[in-house]
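A closer look at the structure
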Amino acid sequence: MRKHYLLWMIFLFSVHQLNAQTYCVPTAGASSQANYLKNAIFSDQGALYYTATAYQAYVDNSSSQIVTSYPGGTVNVHLDFAGSGIKSYVWIDWNNDGDFDDFYENPLAPSSYSVVDDQFFVPPTQAAGIYRIRVQSGTSFPNPVNPCGPNNYGNFVDFNLKIDASPTCFVPSTLTSSNITNNSAMISWSAPATAPGSYEYYYTSSTTIPDASTPISGTSNTISAPISGLLPFTIYYYYVRSVCSTSNKSAWSLRGIFKTKCDAKTSMFEDFENAVTGPNNADCWDRIILGSGYQNIASSSGVNSSKGMYQSANGAANTAIAVLPIFSNVNAGTHWLRFKAKVSSAAGVLDIGYVTNDTDASSFVNIQSVNISNTVFDGFEYSVVIPNTVPANARLAIRHGGVPSVNIYWDNVYWEPKPTCFTPTNIVLSNVTSATANIAWTAPAPAPAMGYDIYYSTNNTAPTSSTVPNITGITANPYTIPGLNPATTYYIWIRSRCSASDQSMWSNIASVLTLCAPVSTLSENFDSYNTGLLTNAPCWGRIVTGVASVNINGTGALSGTRHILQRSISAADISIAVLPELTNINAGTHSLKLNAYCSVNTGKLEVGYMTNPTDASSFTLIQQLDITNTSYTPTTGTSEYTVAIPNTVPAGARLAIRDTYATSGNALYYWDNVSWAPTQTMNVQDNVVKSRPSIYPNPFTDVITIADSKNIQSVMIHDASGKLITEIRNPEHTISLKDLSSGLYLVKMIMKDGTSQTVKAIKK
């Protein structure tokens with residue numbers, strides 16, 4: 001804003017309105033059409049309103065969009081631009097010479113904001129007439145800026161400014177609205193410096209601007225007026241003008257805007273799918289923001305990554321409050337508010353309460369604070385019973401109070417009758433063994449007459465009202481869930497059983513991983529676990545010192561998609577993978593088998609056992625493996641290593657695979673398909689089934705077909721001397737053996753029931 005009254009007195013002579021002036025048609029938009037003037041309002045003793053929904057390089061509104069002022073008047077300017085980082089210029093041809101390069105013809109300081117609220121002053125000596133206004137927008141301008149262009153990153157819009165003689169009846173200002181209901185509102189305004197005898201007002205749901213002949217809606221002798229008979233959930237525009245005498249009235253004021261409330265509801269479900277993303281709330285909702293509190297409807301914040309509400313606040317001074325629609329039965333005492341919510345990381349708190357003034361955060365009254373620690377929506381739902389002590393005119397509200405400062409997301413909000421049977425809360429699982437887990441909970445009030453039902457599954461799909469519980473009608477709290485499998489993740493829900501036909505909703509999901517139990521056999525390829533630490537595989541352990549590692553890796557596995565990467569990088573590094581506990585570790589009848597390779601052909605891995613699976617010093621070496629291959633070689637079998645475990649291993653010890661920098665160096669070790677099984681021997685004297693048609697063709701060229709592969713656990717290919725060539729686990733119906741040389745082979749098929757069958761096969 002610039003004031004140059006004295007300079008104007010010196011440099012500007014009065015001019016009279018000239019005939020229609022010709023102006024340059026500016027050029028714009030060669031490089032970008034993302035930046036343009038969306039909305040403009042110029043106002044003083046009358047106003048112009050401009051709206052655009054799409055880019056146009058140049059828009060000439062000079063004949064239809066005119067703002068009125070007077071010598072020495074003040075014109076208020078509001079500009080709203082599409083795009084970001086917008087700069088803008090406002091030009092006025094004060095001397096009507098067809099250009100904008102004279103003194104004070106750029107009366108507003110250049111703005112670099114996407115929204116501009118400013119004002120300029122009409123020179124006191126300005127002659128009556130019509131003067132061209134030009135608005136120029138963009139993100140980049142030449143130097144010097146040219147109001148004729150080129151403007152490659154924005155656009156131009158022209159308007160007109162009409163200068164009349166100084167009025168004798170001035171326009172009211174500062175229009176406000178309050179006490180808004182679904183069918184009424186109070187409008188108010190500020191009187192001009194010279195107050196008139198009365199005021200006239202006009203309101204409408206249309207954007208059409210009134211003129212001097214528009215029929216008024218009412219009159220007022222004060223600076224406010226109540227209006228009624230409005231439609232619910234409707235935007236209204238209202239205007240006020242001064243009445244100084246019957247024949248002397250001001251222009252209409254700058255318009256005010258309000259939206260009526262919705263009609264009261266008796267029930268609600270809101271998933272925000274029909275709401276516009278951004279800070280504006282869904283239909284019939286309102287919001288209250290304090291400080292830097294934040295509340296937004298976002299496209300990926302809801303259930304199943306749909307639309308949902310996102311709130312954040314940092315400290316109590318930065319509150320965000322979502323105000324729910326008006327409920328006619330808010331204080332009936334018969335309903336509850338139910339919703340889903342989650343946090344992004346650390347736990348947060350939502351306050352469920354009400355406001356008695358939907359624009360005043362201090363009117364919030366808390367009913368219940370809900371602690372939210374889950375980071376997913378699935379399996380979690382929250383409910384708050386609304387008491388009959390809530391004032392009848394109150395509106396329910398959900399507040400993020402800023403403490404703690406976390407992001408909270410919520411969706412699927414219900415206002416509905418509360419159930420007759422309530423859900424247990426605060427589910428706690430403890431005292432977990434390999435076969436059992438204790439479950440405890442907070443009983444609802446009133447407690448259910450017929451106890452509780454429990455449902456558990458290895459699948460996290462939530463049960464429904466028709467799901468059959470695993471356990472029914474228990475009364476003990478806590479309760480021990482029996483019959484679980486070891487090393488298994490279980491998802492658990494509980495509900496109240498108030499009668500045979502009346503059960504509560506299932507509780508929020510809880511989960512538990514049962515402990516490991518010693519096993520007698522083992523076959524592990526790591527494909528069912530997430531990449532990362534080896535301990536992602538249940539019952540396995542790891543010990544690392546220094547910068548050593550032993551991780552589940554997702555690249556280059558022998559079978560499937562996962563294998564182990566083990567490494568020691570510098571002196572004193574030790575990396576140990578600890579196998580699950582085995583019941584028969586010292587039977588002397590079993591071997592540990594794995595496929596492995598090293599990044600160098602001089603690799604060394606150590607296989608041994610540990611008497612303390614958390615103490616690296618308890619490792620005892622059984623056998624050192626020389627890893628000379630630098631890739632998996634399933635065809636030749638040279639990447640397979642077998643270690644027979646002697647009966648001298650202490651009972652209760654754990655097998656382990658160790659990589660130390662001192663022995664193994666700074667090399668990468670990969671291994672996969674680990675098995676613990678009876679030690680296998682094979683020679684040509686073994687019982688060979690010569691004629692069974694279990695594989696075909698025989699003789700074969702490159703591929704053999706197994707007649708009943710679904711019952712086979714593995715296929716072992718031996719040469720005629722009994723040497724193991726390769727092993728194929730979980731074979732497909734056909735097996736490629738194209739890398740074998742011509743000759744006689746023994747094909748041993750180990751069945752899933754533990755039996756085996758050996759067939760002599762000839763490759764042509």
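Figured I'd write up the structure that's included with this text. This structure is a prediction, so every number in the text was calculated from the model and none was measured.

What counts and how
- Residues numbered from 1 in each chain as written.
- Predicted model: local features only at pLDDT ≥ 70, side-chain atom pairs only at ≥ 80, totals over all residues.
- Heavy atoms only, no water.
- Helix = DSSP H or I, 4+ residues; strand = E, 2+ residues; numbered from the N terminus.
- Buried < 20%, exposed > 50% of the residue type's maximum accessible area, 1.4 Å probe, protein only.
- Contact = heavy atoms within 4.5 Å.
- Polar contact = N/O pair within 3.5 Å; in protein donor to acceptor, adjacent residues only side chain to side chain.
- Pairing = 2+ DSSP bridges.
- Axes fitted to C-alpha atoms, helices over the stretch in contact; angles between N-to-C directions.
- Disulfide = S-S within 2.5 Å.
- Phe/Tyr/Trp six-rings, centres within 6.5 Å; stacked < 30°, edge-to-face > 60°.

1. What about the environment of T433?
Turning to its location among the elements, T433 is positioned in the loop between β29 (425–430) and β30 (437–442). Residue classification places T433 among the partly exposed residues on the basis of a relative accessible area of 32%. A sequence separation of 86 residues divides T433 from V519, and the C-alpha atoms of the two residues are 15 Å apart. Contact partners of T433, with chain neighbours within four places excluded, come to T514 and L515. Separated by 3.1 Å, the side chain of T433 and the backbone nitrogen of A435 make a polar contact. Polar side-chain contacts of T433 include one of 2.7 Å to the side chain of T436.

2. Digging into the sheet that holds strand β5 (residues 74–82)
Strand order across the open sheet formed by four strands is β2-β1-β5-β7, with antiparallel pairing between neighbours. Every other strand in the sheet has two partners, leaving β2 (46–51) and β7 (115–121) as the edge strands with one partner each. Between one strand and the next, the sheet's axes are offset by a mean angle of 15°, whatever the strand orientation. Note: strand β1 (residues 36–44) against β2, six bridges, orientation antiparallel. Looking at β2, one finds that A40 is bridged to Y50.

3. Some thoughts on the sheet that holds strand β53 (residues 734–736)
Pairing between the strands of a sheet is mediated by backbone hydrogen bonds and can be parallel or antiparallel. Read across the sheet, three strands follow the order β49-β50-β53 without closing on themselves; strand pairing throughout is antiparallel. Across the chains shown, the open sheet's two edge strands, defined by having one partner strand only, are β49 (695–696) and β53.

4. A closer look at the state of the cysteines
On inspection of all chains with the given rule, the structure shows five disulfides. Paired by a disulfide, C24 and C148 hold their sulfur atoms 2.0 Å apart. Its S-S torsion of about -90° marks the bond between C24 and C148 as left-handed, since a negative value means left-handed. In this pair, C24 sits in the loop between α1 (5–11) and β1 while C148 sits in the loop between β8 (129–138) and β9 (156–163), placing the two residues 124 residues apart along the sequence. Using a relative accessible area of 28% as the deciding quantity, one classes C148 as partly exposed. There is a disulfide in this structure between C516 and C539, and the S-S distance comes to 1.8 Å.

5. Quick look at the packing of aromatic side chains
Counting across every chain of the model gives 34 aromatic pairs. Plain terms: the ring middles of W94 and F120 are 6.3 Å apart, the flat faces sit at 75° to each other, and that makes the pair edge-to-face. Taken as a pair, W94 in the loop between β6 (87–92) and β7 and F120 in strand β7 lie far apart in primary sequence, 26 residues in all. Taken individually, W94 and F120 each receive the classification buried, so the pair is uniform in this respect. An angle of 75° between the planes, with centres 6.1 Å apart, marks the rings of F526 and W671 as edge-to-face. In this pair, F526 sits in the loop between β37 (522–524) and β38 (532–533) while W671 sits in strand β48 (residues 668–678), placing the two residues 145 residues apart along the sequence. Here the two residues F526 and W671 agree in accessibility, since each one is buried. Pairwise contacts between aromatic rings join W94, Y104, F120 and Y131 into one cluster.

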